[in-house]
Amino acid sequence: MTLYHFALTLGGVTADTAGLEDALYAAGCDDALICFYGKAVYLEFDRESDNFAHAICSAISDIESATISAKVISVDSSLVGLSDIAELTELSRQAIAMLKDGTRGPGGFPSPIQRLGGASPLWRWADVAAWLAQQGKIDPRLADNAQCLEYINLALQLRSDRQRQQVEHYCTLLEYAEKQA
């Protein structure tokens with residue numbers, strides 16, 4: 001068994017939710033640290049499991065079986081900044097910046113996907129991890145776990161029927177636009 005570290009952001013509860021800690025502990029989250037960002041609640045897990053996906057999914061199941069009506073809304077590290085990338089890879093921020101700028105390595109670092117015009121652009125962690133693994137900078141298992149995070153986050157977003165229907169609608173529109181081009 002491997003020990004996996006990850007964080008889950010909760011909806012439906014706040015820092016003021018009565019019995020929050022006891023309910024989560026009783027539901028099997030005794031391997032999590034309950035954290036708060038303002039009134040928002042997230043849990044940092046150190047969970048043993050055979051694989052990363054099972055560790056996350058079992059934690060989600062435990063949280064959502066608690067008697068407090070909590071829903072997991074996301075898994076951490078799907079979108080990352082340069083400092084996040086450095087921390088996740090145990091490389092220096094300067095080394096990551098040099099890879100990004102092409103002054104070190106082969107070039108071709110993934111493009112950011114959000115806040116491109118701002119001081120803190122964001123990258124898809126799965127894209128960056130895959131690229132770093134291809135360059136031999138990180139263990140390929142870290143890249144596999146990053147892709148797993150991306151899929152689980154997408155599933156969490158799409159699990160409501162209304163959201164799924166809306167996304168399917170826009171996928172159809174995008175596919176139609178591609179055919180017209």
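Overview of the structure. All values derive from a computational prediction rather than experimental measurement.

Residues of strand β3 (residues 40-49) alternate between two faces, with V41, L43, F45, R47 and S49 buried on one and A40, Y42, E44, D46 and E48 left unburied on the opposite face. Pairing of strand β2 (residues 32-37) with β3, which is carried by six bridges, proceeds in the antiparallel orientation. The residue of β3 that forms the bridge with Y37 is A40. The loop that links β2 with its antiparallel partner β3 comprises two residues; one of these, G38, has a positive phi angle of about 65°.

Time to look at the pattern of salt bridges. Enumeration over the complete set of coordinates arrives at seven salt bridges. Put simply, E64 and R159 hold a salt bridge, and the shortest N to O gap is 2.4 Å. Taken together, the positions of E64 in helix α2 (residues 52-65) and R159 in the loop between α6 (140-158) and α7 (161-180) put the pair 95 residues apart, joining distant regions of the chain. Since its relative accessible area comes to 26%, E64 is described here as partly exposed. Note on R159: relative accessible area 32%, which makes it partly exposed. Between D101 and K100 there is a salt bridge whose closest N-O contact spans 2.6 Å. A residue is classified by how much of its surface remains accessible, and K100, at 32% relative accessible area, is partly exposed. Three or more residues joined by partner-sharing salt bridges are found here, namely D31, R47 and D62.

Close contact between helix α3 (residues 82-89) and helix α5 (residues 125-134) brings their axes to 12 Å; oriented N to C, the two are set at 50°. By the criterion of interaxial angle, the relationship of α3 to α5 is oblique. Where α3 crosses over α5, the two elements pack in a sense that is right-handed. For the pair α3 and α5, contact is made by I85, L88 and T89 and by W125, V128 and L132, respectively. Partitioned by chemical class, the residues of the contact of α3 with α5 number five nonpolar, one polar and no charged.

Rules used in this analysis
Residues numbered from 1 in each chain as written. Predicted model: local features only at pLDDT ≥ 70, side-chain atom pairs only at ≥ 80, totals over all residues. Heavy atoms only, no water. Buried < 20%, exposed > 50% of the residue type's maximum accessible area, 1.4 Å probe, protein only. Helix = DSSP H or I, 4+ residues; strand = E, 2+ residues; numbered from the N terminus. Pairing = 2+ DSSP bridges. Salt bridge = Lys/Arg side-chain N within 4 Å of Asp/Glu carboxyl O. Axes fitted to C-alpha atoms, helices over the stretch in contact; angles between N-to-C directions. Parallel < 35°, antiparallel > 145°, perpendicular 65-115°, else oblique. Left-handed = near helix turned anticlockwise from the far one by under 90°. Contact = heavy atoms within 4.5 Å. Nonpolar A, V, L, I, M, F, W, Y, C, P; charged D, E, K, R; others polar.

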